[in-house]
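Understanding the architecture of this molecule
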Amino acid sequence: MGRRSKRSRRRGRGGLLLLALAVLAGLYVHWGNTALQTTFFRAYFGNLPDGFDGCRLVVLGDLHSTYFGEKNETLLEAVRAQEPEYIFLVGDLVDAFREVPGGYVQETAAGLADIAPTYYVTGNHEWAVGDVPELKKNLESQGVTVLSNQFVTLEQKKSHLVLAGIDDPNGYADQKSPEDLAAELQAASAYGDPFWILLAHRNDHFPGQYSRLGADLVISGHGHGGVIRLPFTDGLVSTDRTFFPSYTAGLYRENGSLLFVTRGLGNTGPSFRLFNRPEVAVVTLQRG
């Protein structure tokens, strides 16, 4: 009787320990998916126009209809604290597998545009949700510049560079190709061979296509940091559910073009991040 009682007590303690570990793991995963992390990068270019030396960019991607604080105020405070010259929103603002809260797009857009000039390109989820023209209209009504296979000139201290943005490949079948846009940009530039930045949602199109367009810097999202990040990996699982993807977070160089990929902020559907906190990325441009 005594031995059985001791074994029962040991099993009971073991069960409580497992329960405590499960609760702690759940709390850690929740924290790792809701606690913002601000990360810092420096991108060096020998041909960067002088006026943009030290220019601070905040890059946000893959919000997927997620709130960080009431009306995204926690996110907006984190962005505001970095005092960026520009904010780049690189797609998947909304999610195809979650209801988009009423006013979400307008609130987020207005808050960002109040901090700094904000530029946006679509991701694949916007096209899956549908009514992209209405989405773009709502963004523009709050002061966000939508780049739909278009380019604009930015000016800092009498220096100029060109900012281009393309719609996601899931967009209209007859939309302008990235190659056509790059050719138009070069032909129309009043500054000879311009320094230019391309906003393009899909990180995985960089090595085979976007790196060959002539852009000095390509800025993307979509990769979610590889969803799960383990030591010494570039991410464990792609958003297409393949293992060990590349170009998932940070800086990469191919074909004379530099890529920056943000790990993003939200999750699609029921997925979650592991060792991969939501990212507010700050990229500083520097001559070097």
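Details of the structure are given in the entry above.
Applying the stated rule across the entire model yields one cavity of 30 Å³ or more. Each pocket or cavity is described by its volume, and for the largest cavity that value is around 40 Å³. Broken down by class, the residue content of the lining of the largest cavity amounts to four nonpolar, three polar and two charged.

The subject of this paragraph is the packing of helix H3 (residues 104–113) against helix H5 (residues 132–141). Closest axis-to-axis distance for the H3/H5 pair is 8 Å, and the angle between their directions is 35 degrees. For H3 against H5, the interelement crossing comes out right-handed. Here Val105, Gln106 and Ala109 of H3 come into contact with H5, specifically with Leu135, Asn138 and Leu139. Of the residues contributing to the contact of H3 with H5, the split by class is four nonpolar, two polar and no charged.

Among the secondary structure elements, Thr284 is positioned in strand S12 (residues 279–287). For Thr284, a relative accessible area of 9% gives the class buried. Separated by 241 residues in the primary sequence, Thr284 and Ala43 place their C-alpha atoms 6.1 Å from one another.

What follows covers the pattern of salt bridges. Per the stated rule, a full pass over the model turns up six salt bridges. For Arg287, the salt bridge is made with Asp50, and the minimal N-O distance between the two is 3.5 Å. Here Arg287, found in strand S12, pairs with Asp50, found in the loop between strand S1 (37–45) and strand S2 (56–60); they are 237 residues apart in sequence, far enough to count as distant. Note on Arg287: relative accessible area 38%, which makes it partly exposed. Of the charged contacts in the structure, one is a salt bridge between Glu73 and Arg80, with a shortest N-O distance of 3.6 Å.

Turning to the sheet that holds strand S4 (residues 118–120), a few remarks are in order. Ordered in space as S1-S12-S2-S3-S4-S5, the six strands form an open sheet in which the pairing is mixed. Only two strands of the sheet have a single neighbouring strand rather than two, namely S1 and strand S5 (145–146). When S1 meets S12, the two strands line up parallel, connected through nine bridges. Among the inter-strand pairings, Arg42 is bridged to a residue of S12, identified as Thr284.

Attention shifts here to the side chain of Asp92. By the secondary structure assignment, Asp92 is in the loop between strand S3 (86–89) and H3. Of the side chains with opposite charge, Arg202 lies nearest to the buried Asp92, which makes no salt bridge, at 7.4 Å. Within polar-contact distance, the side chain of Asp92 engages the backbone nitrogen of Asn124 at 3.2 Å.

Turning next to H5. Looking only at H5, the buried set comprises Val132, Leu135, Lys136, Asn138 and Leu139. What you see down the axis of H5 is that its buried residues fit within an arc of 160 degrees, all on one side. Buried residues in H5 make contact with H3, S4, helix H4 (124–129) and S5.

Moving on to the sheet that holds strand S6 (residues 150–156). With respect to topology, six strands assemble into an open sheet ordered S6-S7-S8-S9-S11-S10, the strand pairing being mixed. This sheet does not close on itself; its edge strands, each paired only once, are S6 and strand S10 (250–254). When strand polarity is set aside, the average angle formed by the axes of neighbouring strands in this sheet is 25 degrees. Across the sheet, helix H6 (residues 178–188) lies against S6, strand S7 (159–165) and strand S8 (196–202), angled at about 45 degrees from S6, the strand it touches most.

Rules behind the numbers
- Residues numbered from 1 in each chain as written.
- Predicted model: local features only at pLDDT ≥ 70, side-chain atom pairs only at ≥ 80, totals over all residues.
- Heavy atoms only, no water.
- 1 Å grid on protein atoms, 1.4 Å probe; cavity = no way out; pocket = protein on both sides within 12 Å on 5 of 7 lines; lining within 4 Å.
- Points joined across faces, edges and corners; volume = space filled by probe spheres on them.
- Nonpolar A, V, L, I, M, F, W, Y, C, P; charged D, E, K, R; others polar.
- Axes fitted to C-alpha atoms, helices over the stretch in contact; angles between N-to-C directions.
- Helix = DSSP H or I, 4+ residues; strand = E, 2+ residues; numbered from the N terminus.
- Left-handed = near helix turned anticlockwise from the far one by under 90°.
- Contact = heavy atoms within 4.5 Å.
- Buried < 20%, exposed > 50% of the residue type's maximum accessible area, 1.4 Å probe, protein only.
- Salt bridge = Lys/Arg side-chain N within 4 Å of Asp/Glu carboxyl O.
- Pairing = 2+ DSSP bridges.
- Lys, Arg positive; Asp, Glu negative; His and termini not counted.
- Polar contact = N/O pair within 3.5 Å; in protein donor to acceptor, adjacent residues only side chain to side chain.
- Arc of directions from axis to C-beta.

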